[in-house]
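One letter stands for each residue in the lines below.
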Amino acid sequence: MIKIKRKIICLIFTLYYLNASVSYAENSVEVMHWWTSVGAEAKAIGTLKSDLAEKGIGWFDMPIVGGGGGNSSEVLRARVIAGNPPTSAALLGNKITEWANREGALRNLNSVAEKEEWSRLIPRAVQKFSKHNGDWIAAPIDFHSTNWIWINKEALDAAGGKAPETWDELVNVLDKMKENGIVPLGHGGEAWQEMTIFDSIVLGLGDDFYQSAFFDLDPLVLSGPKMLEAFDRMAKLRTYVDDNFSGRDWNIVVAMVAQGKAGMQIMGDWAKGEILNVGKLPDRDFICIRFPGTQGAITFNSGQFVMFNDVAEEQKAVQLEMASSIMSKKVQFGFNVYKGSIPARVDLDSDGFDSCAKKAMEDLAQADASGRLYGSMAHGHASTTEIQGAFYEVVTAHFNGELTSQEAVNELVQSIANLTQ
Ligand code: BGC
């Protein structure tokens with residue numbers, strides 16, 4: 001059902017954008033992205049748009065609805081195959097590498113990256129996706145960490161007031177919230193949202209486990225007792241979700257938590273952008289904690305803009321200016337303050353950011369120094385799109401009660417084996 005809905009959305013967008021006979025003024029960019037929430041995301045992307053406007057560069061928006069960017073890949077593929085790519089597109093992690101693998105698709109950004117010393121400014125873990133065979137092919141606009149829980153403060157106080165630090169404490173708080181008559185865990189039933197939770201559960205069972213399950217795809221680990229435990233934990237969390245979760249957008253869940261209808265949401269820090277946007281404040285109205293067991297470590301994703309080679313000459317002229325704008329301190333600050341994330345360059349200080357973002361900056365420095373910075377599987381920073389898709393399928397089928405935990409483990413092992421052998 002979910003897949004059919006997604007296919008229909010993609011088809012509508014594809015037909016629309018393939019047929020659109022837009023004529024671009026000189027000095028303009030057409031930009032594809034999925035930052036469509038009218039609150040924080042629109043304001044965030046607006047900061048880049050207005051920076052370009054100040055430079056006399058126009059903006060044609062190509063927004064593709066669908067959290068996590070899942071729908072945008074198919075539309076982008078159709079545009080490129082039709083010989084009509086946008087000037088620039090936002091992409092995540094391995095999708096960038098996969099586009100870079102198509103010879104000649106992406107513009108080389110070395111001239112601007114070297115002039116502006118990007119290699120000194122961007123964390124190495126992010127650079128891994130901004131570069132291909134040593135060349136710069138993407139400009140990162142944000143750094144999101146995904147192993148967060150956003151908890152309504154009043155709901156937490158009513159549930160005993162102590163932020164959970166372990167799995168058992170988390171279950172305890174969720175039980176109390178249930179007794180108190182609210183939805184303990186706000187959740188949107190989409191594969192990427194379920195996988196976001198699964199990332200945190202896996203990391204919560206140990207860094208080695210995360211590494212060997214997601215990066216090494218070790219069959220012994222995938223079929224082992226910890227993976228079974230991870231699925232059991234997902235099944236436990238499923239018992240705290242309300243009946244109407246299926247297909248719910250992530251930002252609707254944010255509103256549920258902000259209003260106290262739900263106690264908490266397990267989600268990346270784009271959720272915080274939306275909570276701040278409705279006037280809620282960290283510590284006073286909500287708190288941010290790392291998923292129990294993942295303290296000191298980070299699962300991350302970073303949205304990056306690539307530029308396509310096969311565009312009209314007048315757009316080529318502005319692509320490098322756009323890349324430079326993305327990396328400017330002004331845009332990195334403005335975009336990330338709204339978006340809930342932190343800058344993708346590490347030389348900005350934390351003035352002007354909220355307390356959760358300040359914590360995220362400290363966490364990033366600490367996790368980077370201690371080697372505990374991990375790409376998110378849910379958001380395409382751990383493995384290929386195919387492997388990510390295999391995890392999505394199993395995790396979401398299990399969460400929806402179609403598979404027992406043991407069946408989910410078996411299915412996962414089988415799908416990964418099919419893709420890797
Ligand atoms: C992206 C965020 C975005 C979120 C919801 C994540 O994959 O990194 O930038 O806000 O999905 O669409």
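Residues numbered from 1 in each chain as written. Predicted model: local features only at pLDDT ≥ 70, side-chain atom pairs only at ≥ 80, totals over all residues. Heavy atoms only, no water.

A.B. asks: Which residues make up the overall build of the protein, and what values go with them?
C.D. replies: In terms of regular secondary structure, the protein is built from 20 helices and 14 strands. A compact globule built from 421 residues should have a C-alpha radius of gyration of about 22 Å, and the protein, at 21 Å, falls within 12% of that. The principal-axis extents of the C-alpha atoms in the protein amount to approximately 60 × 50 × 40 Å. Residue pairs at least 24 apart in sequence account for 76% of intrachain contacts in the protein once pairs closer than 6 positions are excluded. For the protein, the computed accessible surface area is about 16700 Å², with 51% contributed by carbon and sulfur atoms. The positive charge centre, built from 39 side chains, and the negative charge centre, built from 53, are 2 Å apart in the protein. (Helix = DSSP H or I, 4+ residues; strand = E, 2+ residues; numbered from the N terminus. Rg over C-alpha atoms; globule rule 2.2 N^0.38 Å. Contact = heavy atoms within 4.5 Å. Areas by Shrake-Rupley, 256 points an atom, 1.4 Å probe, with all protein chains shown as cover. Lys, Arg positive; Asp, Glu negative; His and termini not counted. Charge placed at Lys NZ, Arg CZ, Asp CG, Glu CD.)

A.B. asks: Describe the sheet that holds strand β12 (residues 298-301), listing the residues and the values that go with them.
C.D. replies: A sheet is described by the order of its strands in space; here three strands give the open sequence β7-β12-β14, paired in mixed fashion. Each having just a single partner strand, β7 (144-145) and β14 (373-375) make up the two edges of the open sheet. Of the strand pairs in this sheet, β12 and β14 are connected by three bridges, and their pairing is parallel. The residue bridging Phe-300 from the neighbouring strand is Gly-375, located in β14. Sheet strands touched by helix α11 (residues 207-215): β12 and β14. Its angle to β14, the strand with the most contacts, is close to 25°. (Pairing = 2+ DSSP bridges. Axes fitted to C-alpha atoms, helices over the stretch in contact; angles between N-to-C directions.)

A.B. asks: Could you give an account of the site of the ligand, naming the residues involved and the relevant values?
C.D. replies: Surveying the vicinity of the ligand reveals 13 residues, the closest of which are Trp-35, Glu-41, Asn-301, Lys-339 and His-379. A distance of 3.4 Å separates an oxygen atom of the ligand from a polar atom in the side chain of Trp-34. Side-chain polar atom of His-379 to an oxygen atom of the ligand: 2.8 Å apart, as the coordinates give it. At a threshold of 2 Å from the grid points, most atoms of the ligand map onto the largest cavity. Looking at the shell around the ligand residue by residue, the classes come out as six nonpolar, five polar and two charged. Residues from two domains meet in the shell around the ligand; each of domain 1 (2-144 + 302-373) and domain 2 (145-299 + 377-420) gives at least three. (Near = heavy atom within 4 Å. Polar contact = N/O pair within 3.5 Å; in protein donor to acceptor, adjacent residues only side chain to side chain. 1 Å grid on protein atoms, 1.4 Å probe; cavity = no way out; pocket = protein on both sides within 12 Å on 5 of 7 lines; lining within 4 Å. Sits in = over half its atoms within 2 Å of the grid points. Nonpolar A, V, L, I, M, F, W, Y, C, P; charged D, E, K, R; others polar. Domains from an automatic or database assignment.)

A.B. asks: Mind laying out the domain arrangement of the protein, listing which residues take part and the relevant values?
C.D. replies: When cut into domains, the protein gives domain 1 (2-144 + 302-373) and domain 2 (145-299 + 377-420). Computed over C-alpha atoms only, the centres of domain 1 and domain 2 are separated by 26 Å. Counting residues at the interface gives 37 residues for domain 1 and 36 residues for domain 2. Interface area for domain 1 against domain 2, summed over the two sides, is near 2800 Å², with a carbon-plus-sulfur share of 50%. The tally of links between domain 1 and domain 2 comes to three salt bridges. With its nearest N and O atoms 2.9 Å apart, the salt bridge here joins Asp-363 to Arg-290. Summed over the shared surface of domain 1 and domain 2, the number is 17 residue pairs in polar contact (both at pLDDT 80 or more). Among the elements of the structure, α1 (2-19), α2 (40-54), α4 (93-100), α17 (329-339) and α18 (355-369) are those that each provide at least two residues to the side of domain 1 that touches domain 2. (Buried area = accessible area lost by both parts, 1.4 Å probe. Salt bridge = Lys/Arg side-chain N within 4 Å of Asp/Glu carboxyl O.)

A.B. asks: Describe the pairing of strand β13 (residues 303-307), and please don't skip the residues or the numbers.
C.D. replies: The buried count for β13 comes to five of five residues, which makes it a mostly enclosed element. Residues Gly-303, Phe-305 and Met-307 point to one face of β13 and Gln-304 and Val-306 to the other, with burial holding for every one of them. Alignment of strand β3 (residues 88-92) against β13, held across five bridges, turns out to be antiparallel. Residue pairing across strands places Ala-90 opposite Phe-305, the latter belonging to β13. Strand direction decides the pairing type here: strand β6 (residues 139-140) and β13, joined by two bridges, are antiparallel. Bridge assignment links Pro-140 to a residue of β13, and that residue is Gln-304. (Buried < 20%, exposed > 50% of the residue type's maximum accessible area, 1.4 Å probe, protein only.)

A.B. asks: Explain the sheet that holds strand β10 (residues 262-266) to me, using residue names and the numbers behind them.
C.D. replies: One open sheet accounts for four strands, arranged β9-β10-β8-β11; its pairing is mixed. Among the strands making up the open sheet, the edge pair consists of β9 (183-185) and β11 (286-290). Geometrically, the sheet is characterised by an average inter-axis angle of 20° between neighbouring strands, direction not taken into account. Packing of helix α9 (residues 167-179) onto the sheet brings it into contact with β8 (148-152), β9 and β10, and relative to β10 it is tilted by some 145°.

A.B. asks: Requested: an account of α17, with residues and values cited.
C.D. replies: Think of an α-helix as 3.6 residues a turn; residues three or four steps apart then line up on the same face. For α17, the set of buried residues is Val-331, Gln-332, Gly-334, Phe-335, Asn-336 and Lys-339. The positive-phi residue at the C-terminal boundary of α17 is Gly-340, with phi of around 95°.

A.B. asks: Break down helix α10 (residues 191-204) for me, with residues and values.
C.D. replies: Compared with the 20 Å implied by 1.5 Å per residue over 14 residues, the 20 Å span of α10 between its first and last C-alpha is a close match. Within α10, 13 of the 14 residues are buried, which leaves it mostly tucked inside the rest of the structure. Following α10 by one or two positions, Gly-206 adopts a phi angle in the positive range, close to 125°. (Expected span 1.5 Å × (residues − 1).)

A.B. asks: Any details on the environment of Val-346? Residues and values, ideally.
C.D. replies: On the secondary structure map, Val-346 appears in the loop between α17 and α18. Residues Val-346 and Leu-121 lie 225 residues apart in sequence; the distance between their C-alpha atoms is 5.7 Å. Excluding residues within four positions of it along the chain, Val-346 makes contact with Leu-121 and Pro-123.

A.B. asks: Describe the layout of surface pockets, and please don't skip the residues or the numbers.
C.D. replies: One number sums up the size of the second largest pocket: a volume of about 220 Å³. Forming the boundary of the second largest pocket are 14 residues, of which Arg-345, Val-346, Met-361, Leu-364 and Ala-365 lie nearest the centre. Mapped onto the lining of the second largest pocket, the elements with two or more residues apiece are α6 (118-121) and α18. Sort the elements by how many residues they give to the lining of the second largest pocket and α18 lands first, with five residues. A breakdown of the residues in the lining of the second largest pocket according to their chemical character gives 10 nonpolar, no polar and four charged. (Points joined across faces, edges and corners; volume = space filled by probe spheres on them.)

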